[in-house]
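Okay, here's what each chain looks like letter by letter:
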Amino acid sequence: EEDVGSVKKELHIPPDKKVILYAPTWRDDQHEAGVGYTYQMGLNMERLREGLSPDHVILFRAHYMICRLFDFEEYEGFLYDVSGYDDINRLYMVSDLLVTDYSSVFFDFANLKRPMLFYMYDHQIYKDKLRDLYFDVERLPGPVIREVKDISGDIRELERTFVYDERYRAFNQKFNPHAGPCSGEVLNYVLVYAII
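In what follows, the accompanying structure is described. These numbers come from a predicted model, not from an experiment.

## Topic: the sheet that holds strand β6 (residues 79-81)
So, point 1. Read from one edge to the other, the open sheet built from six strands follows the order β6-β4-β1-β7-β8-β9, with strand pairing classed as parallel. Pairing within the sheet leaves two strands with one partner each, and these edge strands are β6 and β9 (144-145).

## Let's talk about the pattern of salt bridges
Between side chains of opposite charge, a pair can form when the charged atoms approach closely.
So, point 1. On inspection of all chains with the given rule, the structure shows six salt bridges.
So, point 2. Linking glutamate 138 and arginine 146 is a salt bridge whose minimum nitrogen-to-oxygen distance equals 3.1 Å.
So, point 3. Between glutamate 157 and arginine 160 there is a salt bridge, with its nearest N and O atoms 3.0 Å apart. Here glutamate 157 and its partner arginine 160 are both found in helix α6 (residues 152-161), three residues apart, which amounts to about one turn of the helix.

## Observations regarding the nonpolar core
Soluble globular proteins: nonpolar side chains tend toward being buried together.
So, point 1. Counting residues in hydrophobic clusters, the biggest one holds 30 residues, and the most contacted among them are Leu11, Leu59, Leu91, Leu98 and Met116.
So, point 2. For this core, the secondary-structure elements that each account for two or more residues are α1 (2-11), β1 (18-23), β4 (56-60), α3 (88-94), α4 (105-109), β8 (116-119) and α7 (166-175).
So, point 3. Grouped together as the second largest cluster of nonpolar side chains are 22 residues, Phe72, Ile145, Ile151 and Ile155 included.

## Quick notes on the pairing of strand β7 (residues 97-100)
So, point 1. Taking every second residue as pointing to the same face, both faces of β7 are buried, with Leu97 and Val99 on one and Leu98 and Thr100 on the other.
So, point 2. By the bridge criterion, four bridges tie β1 to β7 in an arrangement that is parallel. Bridging from a neighbouring strand, leucine 21 pairs with leucine 98 of β7.
So, point 3. Relative to β8, β7 runs parallel, the two being bridged by three bridges. Residue threonine 100 lies in a different strand from β8, and its bridge partner there is phenylalanine 118.

The rules behind these values
- Each residue is numbered by its place in its chain's sequence as written, counting from 1.
- The predicted origin of the model limits local features to residues at a pLDDT of at least 70 and limits the giving and counting of side-chain atom pairs to 80 or more, whereas totals for whole chains, interfaces and linings rest on all residues.
- No hydrogens and no water enter the side-chain calculation; it runs on all heavy atoms of the structure.
- Whether two strands pair comes down to DSSP finding at least two bridges between them.
- Put simply, DSSP marks the helices as runs of H or I at least four residues long and the strands as runs of E at least two long, and each gets a number from the N terminus on.
- Each salt bridge in this description consists of a side-chain nitrogen of Lys or Arg and a carboxyl oxygen of Asp or Glu lying within 4 Å of one another.
- Buried residues of nine kinds, namely Ala, Val, Leu, Ile, Met, Phe, Trp, Tyr and Cys, make up a nonpolar core once their side-chain atoms join them within 4.5 Å.
- Each residue's exposure class comes from its accessible area (1.4 Å probe, protein chains only) as a fraction of the maximum for that residue type: buried when under 20%, exposed when over 50%, partly exposed otherwise.

Remember, this is a structural readout, not a statement about activity or role.
The structure is reproduced here in structure tokens:
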């Protein structure tokens, strides 16, 4: 709790706000010559603000390959650009819920056993024309949305009904087998090498 408070203070997030981490990956087809990879926000931020404010804030963490971002000024106090924040683990720690798409961040976040929502609004295009997926989305430890929509209702529903269920448990057993038995705890292992 002390570390969470420290990160919120560092990012100027009011202590009573629920924190949603939005961490999408880059798209191969969103590229500008001489600029690099850009990102077209798949979320309607105005609707999100209407549906989630005033008790939530969103931390937006862009993939490191993305050069041009969203204009954040209009949503000051609700949407925080944390793309340049060095330690994403501290962002996981302070987040109550993760919204992502095809990014690998969900493997790490799953160790916390907190709710995740997969906003794959371009799922068919990504699967068929860009990079495809490593496994079927049915194995993901959270709801999958495959259309462009206002997800504020989905977020509130997930917050209300979330349980660490068998699908989530099976995901962690497969991909995070060293997670501790207590929710949100990860065992620390110390490797000792004998020098002969």
